[in-house]
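Tertiary structure, described
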Amino acid sequence: MDRGAAEDALLIELGGRTVPFRFARRRRRRTLGITIDAYGMRVAAPLRAPWREVEAFLRDKERWILVKLDDWARAPRPGVVRCATGESLPLLGAALALEVRAGRAGVERHGAHLVVTAPARRRPLDVLMAWLKRTALETLHPRLEHFASRLGLPAPRLALSNARTQWGQCTAAGAIRLSWRLVHVEPRLADYVVAHEVAHLVELNHSRRFWRLLAALYPAWREARGELELVAAGLPILKGTP
């Protein structure tokens with residue numbers, strides 16, 4: 001480990017590779033933790049954790065770290081979609097080709113094509129966005145009802161958010177907000193997010209009890225969480241949206 005570097009930008013040799021990472025000590029943290037995403041690796045440690053423990057922890061996780069870094073290096077980067085004929089847009093995990101026509105506002109799926117029709121006074125992108133959000137609600141609400149019923153709860157109020165990185169949120173009042181961008185991903189991955197937020201209706205925290213509850217609702221949550229992170233990295237940016 002290069003301890004001579006600035007505290008928030010360090011290096012470590014793992015598997016013959018020099019791996020840069022961001023390091024921070026947290027006053028309230030009790031354990032060492034690693035986060036790897038499109039921005040690289042971040043390591044958090046308790047305030048008084050010795051350097052030797054940090055380094056030993058990273059070397060113990062060496063294989064996992066290198067695999068995750070390689071996964072993220074291969075992850076697609078987001079493209080920009082302006083809603084023009086010939087562009088590609090993911091819908092429920094399937095890549096569809098866009099076709100834009102003039103006419104009465106509407107969107108229809110025809111096999112591997114998504115046909116967007118817009119009048120002259122309205123942008124095709126606005127028509128597409130409104131349809132995507134309606135489709136998100138129609139797709140997510142039944143799944144919310146499903147997971148809530150498994151806990152013996154009525155379906156909570158559902159609203160959509162424009163969040164790019166926070167897929168869902170459960171409020172103390174029992175309302176759930178889900179990103180409309182879940183309409184892009186496979187339903188099984190969206191199910192993980194819905195189950196996660198429904199579990200918060202009972203445990204508004206990330207305690208051990210919460211994770212046990214989530215595992216009962218969605219046993220493969222760890223795998224889904226990791227896959228969703230990689231998929232999210234390549235989701236398109238619809239030009240003109242927040």
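Each remark here, short or long, concerns the structure printed above.
Please read all numbers here as calculations on a predicted model, not as lab measurements. (Residues numbered from 1 in each chain as written. Predicted model: local features only at pLDDT ≥ 70, side-chain atom pairs only at ≥ 80, totals over all residues. Heavy atoms only, no water.)

Observations concerning the sheet that holds strand β2 (residues 17-26)
With mixed pairing, four strands are arranged side by side in an open sheet as β1-β2-β4-β3. Among the strands making up the open sheet, the edge pair consists of β1 (10-14) and β3 (33-37). With direction set aside, neighbouring strand axes in the sheet form an average angle of 35°. Bridge count for β1 against β2 is five bridges, and the pairing is antiparallel. Note on β2: the bridge partner recorded for Leu11 is Pro20. Packed on one face of the sheet, helix α2 (residues 62-74) meets β1, β2, β3 and β4 (40-46) and runs near 20° to β3. (Pairing = 2+ DSSP bridges. Helix = DSSP H or I, 4+ residues; strand = E, 2+ residues; numbered from the N terminus. Axes fitted to C-alpha atoms, helices over the stretch in contact; angles between N-to-C directions. Contact = heavy atoms within 4.5 Å.)

Notes on the side chain of Ser161
Here Ser161 shows up in strand β10 (residues 158-161). Within the local environment of Ser161, its side chain forms a polar contact with the backbone nitrogen of Ala163, the two atoms lying 3.4 Å apart. When residues no more than four places from it in sequence are discounted, the contact partners of Ser161 are Arg177, Leu178, Ser179 and Trp180. (Polar contact = N/O pair within 3.5 Å; in protein donor to acceptor, adjacent residues only side chain to side chain.)

What to know about the sheet that holds strand β7 (residues 94-102)
What the four strands build is an open sheet, ordered β6-β7-β9-β8; its pairing is mixed. Taken across any chain shown, the strands that pair with only one partner, and hence form the sheet edges, are β6 (88-91) and β8 (106-110). In this sheet, adjacent strand axes meet at a mean angle of 35° when their direction is disregarded. Relative to strand β9 (residues 113-118), β8 runs antiparallel, the two sharing five bridges. Note on β9: the bridge partner recorded for His110 is His113. On top of the sheet, helix α3 (residues 124-150) reaches β6, β7, β8 and β9; it is set at about 120° to β9, its chief contact.

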